[in-house]
Amino acid sequence: MGAKALPNSTQVPSLLPSALSVLLISPLSTQIANRTPPPLISALHHASAGSHLQWQPLLHLYILKSFSQQDRARTANTSSSIKTLESLFQETASQAFSCLQCRQATYYNHHMYNRYRALNHHSNMDNQLPPEVPVATEAVAPRPVNFSRTFYGIMFDAGSTGTRIHIYKFIQKDPVELPVLDNEMYHAVKPGLSAYADMPDVGGESIRQLLKVAKKTIPKEQWIQTPVVLKATAGLRLLPQEKAKALLNEVKEIFDDSPFFVPNNSVTIMNGTNEGVLAWVTVNFLTGHLYAKTRKTVGILDLGGGSTQITFLPRLKKTVLTAPSDYIAKINMFNSTFELYTHSYLGNGLIAARLATLGALGADGLDWKVFRSSCLPKKFREDWSFGGLTYKVSGIPDGFAGYKLCYQEILQVVKGIVHQPFEVKGSSIFYAFSYYYDRAVESGLIDGSRGGTVEVRDFKKRAKEVCNKMTKYRPISPFLCMDMTYITCLLKEGFGFKDSTVLQLTKKVNNVETSWALGAIFDHFHNLNIH
Ligand SMILES: O=c1ccn([C@@H]2O[C@H](COP(=O)(O)OP(=O)(O)O)[C@@H](O)[C@H]2O)c(=O)[nH]1
């Protein structure tokens, strides 16, 4: 099966932003008003403080599908989704306000007071629609003279293959409105911090470079109250402790010298559970699945360089009961606790898996040993660097190369290591990103600008083609056969997905990266208490 288009909830926003803002900002046309049930008009207006990212999938779905009288049932769902998404921010307001008392006042007191007011305004809203807001509210609502409309959060992702900065802009249009995510500014540099294990000061330069982007993006008057946080993943987890510590100290010094707000524990190595759970929060938030008592969520598959994560909300108790106990994590949102299946496999990221396949992971004699694999073109031989080390790698010149042999090699890296959740054979939807996405694009499975939907069997089919025609695909990457075969093997033999399991390959939703970073900034503003 070939690539399919994304469903409306992820594809439509890029098509209709102006139509949306017209609907949100200007008075509704008579035609629309006549056909829109009154409670939803009220909900739309209540949510209409600018181009609100998290409402967009819901609103677009509504606009496209619900303008007819027959669709009242769907309208009811949409309204309840708007209401429940709003409750995320109500709770954010409540928790963030309590941070006032835990003395992070420098940053919080300005914005959080307003959010606390918003909470009071909306208290006891469970199971209700937001209150009626007249169309003209935007123009006439009284506001404090110095009311601040925007605030920012900076999240650094120090990954094994690169360092990225995510600058999130939130808007609070009115003291009685809840803040919403307006946009993300994203910038990435390579290699990752772990490549500077023996020269932390040089590694620090990449952080300085990215902070310049933050200074350009965020207005000067906001710098002092904008939190800057860095979380490192597999690259630093795999380094000896002292080397990782030296890198983190270097980053902390750079943050302290910056004009931004540096909270406690702003530079850390994140654990694998949080990495998986926060990516799940991001994707479900961006796709409009995150609200009180939600049961209809999507799973996530993240394939980094050093580690890989799987996270989903099980529907069946058996999935929880049959999982190893440390594969179940709880997260608090909307006054309830979500019990997630999540695991991060350190050493099973795409690049670490290449090393394992080649037998090079943790090997000595790197200056003379040549690591060979039938997943590489026969005549290929190159020095190849990862994590600060250089390896001599090659194909098997007088042997065989191809899918079958390659699959057998890779099986050793996956079999018996990756747990198969009970429920994964069911019909849950999984969003797959990072290297799943990159390799699907490079091998021509999906379009790089739009993403797409594939079945697990599509990866297998394309892996076979790439491995059995290595010369054709060599200019794209000599590792493409190995990578595609690893992805196929991980999905099928590792997690136990069926050939027909559908994967939604997505890099961005509404122009926001599908990464744990957005979940992490939420967790910063509002402790999600992952345990
Ligand atoms: O916001 C992000 C963060 C990561 N990636 C992709 O994630 C992969 C690598 O992840 P990373 O280096 O963070 O690996 P990890 O340290 O998590 O194993 C690469 O394809 C990146 O391009 C991305 O597309 N957007």
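Residues numbered from 1 in each chain as written. Predicted model: local features only at pLDDT ≥ 70, side-chain atom pairs only at ≥ 80, totals over all residues.

### Quick look at the overall build of the protein
Scanning the protein from terminus to terminus reveals 20 helices and 17 strands. Taking contacts inside the protein between residues at least 6 apart in sequence as the whole, the part at least 24 apart equals 76%. (Helix = DSSP H or I, 4+ residues; strand = E, 2+ residues; numbered from the N terminus. Contact = placed C-beta atoms within 7 Å.)

### Topic: the site of the ligand
Around the ligand, 22 residues are found, and the nearest of them are G159, T161, G304, S434 and S515. The set of elements that each furnish at least two residues to the shell around the ligand consists of α10 (234-237) and α16 (435-442). Among the residues forming the shell around the ligand, the class breakdown is three nonpolar, 14 polar and five charged. (Near = placed C-beta within 6 Å. Nonpolar A, V, L, I, M, F, W, Y, C, P; charged D, E, K, R; others polar.)

### With respect to helix α20 (residues 516-525)
Burial analysis of α20 places nine of its 10 residues in the buried class, the great majority of the element. Residues W516, A517, L518, G519, A520, I521, F522, D523 and F525 constitute the buried set of α20. (Buried ≥ 20, exposed ≤ 12 C-beta atoms within 10 Å, placed from the backbone.)

### Let's talk about the sheet that holds strand β2 (residues 163-171)
Read across the sheet, five strands follow the order β3-β2-β1-β4-β5 without closing on themselves; strand pairing throughout is mixed. This sheet does not close on itself; its edge strands, each paired only once, are β3 (180-189) and β5 (267-269). With strand direction ignored, the average angle separating the axes of adjacent strands in the sheet is 20°. Two strands pair when backbone bridges link them, and β2 and β3 are joined in this way by nine bridges, in the antiparallel orientation. (Pairing = 2+ DSSP bridges. Axes fitted to C-alpha atoms, helices over the stretch in contact; angles between N-to-C directions.)

### Looking at the sheet that holds strand β12 (residues 389-394)
Here we have three strands laid out as an open sheet, ordered β10-β12-β11, and mixed in their pairing. In the strand order of this sheet, the two ends are held by β10 (370-372) and β11 (381-386), each with one partner. Averaged over all neighbouring strand pairs, the angle between strand axes comes to 40°, with direction disregarded. With three bridges connecting them, β10 and β12 associate as parallel partners.

### Details of the nonpolar core
One finds I154, A432, Y436 and C481 to be the most contacted residues of the largest nonpolar core, which totals 124 residues. With nine residues, the single largest contributor to this core is helix α19 (residues 480-494). Those residues in contact with I154, other than ones at most four positions away along the chain, are I165, I167, A214, T226, P227, V228, V229 and F260. (Core = buried A, V, L, I, M, F, W, Y, C linked by C-beta atoms within 7 Å.)

### A word on the pairing of strand β9 (residues 336-346)
The sheet contact formed by strand β7 (residues 307-312) and β9 spans six bridges and is antiparallel. Its bridge partner lying in β9, Q309 is registered against S344. Pairing between strand β8 (residues 328-333) and β9: six bridges, direction antiparallel. Looking at β9, one finds that K330 is bridged to E339.

### What about the packing of helix α15 (residues 403-414) against α19?
With their axes 9 Å apart at the nearest point, α15 and α19 run at an angle of 55° to one another. Accordingly, the angle class assigned to the pair α15 and α19 is oblique. Taken as a pair, α15 and α19 cross one another with a handedness that is right-handed. Mapping the contact onto sequence places Y403, C406, Y407, I410, L411 and V414 in α15 and C481, M482, T485, Y486, C489, L490, E493 and G494 in α19. When its residues are assigned to classes, the contact of α15 with α19 shows 11 nonpolar, two polar and one charged. (Parallel < 35°, antiparallel > 145°, perpendicular 65-115°, else oblique. Left-handed = near helix turned anticlockwise from the far one by under 90°.)

### A short note on the environment of I328
With respect to the helices, strands and loops of the structure, I328 is situated in strand β8. Overall, I328 belongs to the partly exposed group, with 17 C-beta atoms counted inside 10 Å. Through-space distance from the C-alpha of I328 to that of I224 is 38 Å; in sequence the pair is 104 residues apart. Those residues in contact with I328 that lie beyond four places of it in its chain are V320, A323, E339 and Y341.

### Some points on the environment of C406
Mapped onto the elements of the fold, C406 is located in helix α15. Here C406 falls in the buried class, since 29 other C-beta atoms lie within 10 Å of it. Once the C-alpha coordinates of C406 and P377 are considered, the two residues, 29 residues apart in sequence, prove to be 11 Å apart. Excluding residues within four positions of it along the chain, C406 makes contact with S374, C375, C467, C481, M482 and T485.

### Overview of the pairing of β7
With respect to burial, β7 is a largely interior element, six of its six residues being buried. A two-sided burial pattern is seen for β7, the buried positions comprising S307, Q309 and T311 on one face and T308, I310 and F312 on the other. Here strand β6 (residues 299-303) runs beside β7; their pairing, made up of four bridges, is antiparallel. Note that in β7 the partner of I300 across the bridge is T311. Taking the residues between adjacent antiparallel strands as the criterion, β6 and β7 are bridged by three residues.

### Focus: unusual backbone geometry
Residue P191 follows K190 across a cis peptide bond; omega there is -5°. With respect to the helices, strands and loops of the structure, P191 is situated in the loop between β3 and α9 (200-217). Non-glycine residue N510 carries a positive phi angle of around 50°. With respect to the element layout, N510 can be found in the loop between β16 (508-509) and β17 (512-513). For N529, which is not glycine, the phi torsion reads 50° and is therefore positive. When you line up the elements, N529 lands in the segment after α20.

### Looking at the confidence of the model for the protein
With 71% of its residues at a pLDDT of 70 or more, the protein has an overall mean of 77. Scored below 50 in pLDDT, residues 1-141 makes 190 contacts in the model with residues more than four places away or belonging to other chains. (pLDDT = per-residue confidence, 0-100.)

### Overview of α15
Relative to the 16 Å expected for 12 residues at 1.5 Å per residue, α15 spans 16 Å between its end C-alpha atoms, a close match to the ideal helical length. Those residues of α15 that fall on the buried side of the exposure criterion are Y403, C406, Y407, E409, I410, V413 and V414. Buried positions in α15, seen along its axis, are confined to an arc of 165° and lie on one side of it. Among the exposed residues of α15, those oriented more than 90 degrees off its buried face are K404 and Q408. Buried residues along α15 sit against α14 (350-358), α17 (456-468) and α19. Looking one or two residues beyond α15, the residue adopting positive phi is G416, at roughly 80°. (Expected span 1.5 Å × (residues − 1). Arc of directions from axis to C-beta.)

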